[in-house]
Amino acid sequence: MKFCSVCGATVELAIPAGDSLPRHVCPQCGTIHYQNPKLVVGCIAEWRDRILLCRRSIEPRYGLWTLPAGFMENGESTAQAAIRETLEEACARVEIGPLFSLVNVPHINQVHLFYRARLLDTGFAAGLETLETRLFAEDCVPWQTLAFQTVALCLHAYFADRRRGRFGLHEDCIGRRGEQA
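Attention here is on the structure that accompanies the text.

## With respect to helix 1 (residues 78–90)
Moving on, step 1. Between its terminal C-alpha atoms helix 1 stretches 18 Å, which fits the 18 Å expected from 13 residues at 1.5 Å a residue.
Moving on, step 2. Each element contacted by the buried residues of helix 1 is listed here: strand 4 (38–47), strand 5 (50–56), strand 7 (69–71), strand 8 (94–105), strand 9 (110–119) and strand 10 (130–136).
Moving on, step 3. A positive backbone phi angle near 50 degrees is found at Cys91, which sits one or two residues after helix 1.

## Quick word on the pairing of strand 4
Moving on, step 1. Counting buried residues in strand 4 gives eight out of ten residues, a clear majority hidden from the surface.
Moving on, step 2. Sheet topology places strand 4 next to strand 9; nine bridges connect them, and they run parallel. Note on strand 9: the bridge partner recorded for Val40 is His112.
Moving on, step 3. Pairing geometry for strand 4 and strand 7, over three bridges, is antiparallel. Note that in strand 7 the partner of Val40 across the bridge is Phe71.
Moving on, step 4. Between the antiparallel neighbours strand 4 and strand 5 lie two residues, among them Arg48 with a positive phi of about 55 degrees.

## Considerations on the side chain of Ser101
Moving on, step 1. Tracing the backbone through its elements, the reader meets Ser101 in strand 8.
Moving on, step 2. Excluding residues that lie within four positions of it along the chain, Ser101 makes contacts with His112, Leu113, Phe114, Cys154, Leu169 and His170.

## Section: the sheet that holds strand 2 (residues 23–25)
Moving on, step 1. Strands sit in the order 1-2-3 across an open sheet of three strands; the sheet is antiparallel. Among the strands making up the open sheet, the edge pair consists of strand 1 (12–14) and strand 3 (32–33).

## Thoughts on the packing of aromatic side chains
Moving on, step 1. Within this structure, the stated rule accounts for six aromatic pairs.
Moving on, step 2. Centre to centre, the rings of Trp65 and Phe136 are 5.1 Å apart; their planes meet at 80 degrees, and the pair counts as edge-to-face. Taken together, the residues Trp65 in strand 6 (residues 65–66) and Phe136 in strand 10 connect sequence positions 71 residues apart.
Moving on, step 3. Seen from their ring centres, Trp143 and Phe159 are 6.2 Å apart, and the 75 degrees between their planes marks the pair as edge-to-face.

## Overview of helix 2 (residues 149–164)
Residue pairs three or four apart in sequence face the same way in an α-helix, which turns once every 3.6 residues.
Moving on, step 1. Its 16 residues give helix 2 an end-to-end C-alpha distance of 23 Å, which sits within 8% of 22 Å, the value for a rise of 1.5 Å per residue.
Moving on, step 2. Of the residues making up helix 2, those classed as buried are Thr150, Val151, Ala152, Leu153, Cys154, Leu155, Ala157, Tyr158, Phe159 and Asp161.
Moving on, step 3. Elements that come into contact with the buried residues of helix 2 comprise strand 4, strand 5, strand 6, strand 8, strand 9 and strand 11 (170–173).
Moving on, step 4. With its phi angle positive at about 85 degrees, Gly165 sits one or two positions after the end of helix 2.

Procedures and definitions
- Residues numbered from 1 in each chain as written.
- Predicted model: local features only at pLDDT ≥ 70, side-chain atom pairs only at ≥ 80, totals over all residues.
- Heavy atoms only, no water.
- Helix = DSSP H or I, 4+ residues; strand = E, 2+ residues; numbered from the N terminus.
- Expected span 1.5 Å × (residues − 1).
- Contact = heavy atoms within 4.5 Å.
- Buried < 20%, exposed > 50% of the residue type's maximum accessible area, 1.4 Å probe, protein only.
- Pairing = 2+ DSSP bridges.
- Phe/Tyr/Trp six-rings, centres within 6.5 Å; stacked < 30°, edge-to-face > 60°.

Put into structure tokens, the structure is as follows:
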């Protein structure tokens, strides 16, 4: 950040009084600009024994497969964000279920949340950020062309839980080079 969004002055990196971390502070108007992690929210949309994946039509990871997910907007809950993103990316209507996976990605200041969800019908299609959508059984998931490690972690946990016959909440943390931290 270079300029204050309140008054336009050049900001400085400083530790404000009563804080312990460096923040962008405007010396002109005194505004402290907090930058916090972004939430990426989506779902594992289930239809019988298959899950819905989307092939990306945007960067990063153009052409690779992912779960329907995206950045949460202000004014919505995480569940609402998962429903909206699934509708936007896959034109799919879902009934949202429980939170299933939380993956911290601290080196890019993100947290990825995935809910279990039930597809309400098979009337899904590619949205504006998607080349194609398809239902996949576990043995047909395109593991080598998944766009993000967070999605792979989520799907591995989902299929393992499904084989066990009970679903839990999974939490992971991905390090800088993709290793788990």
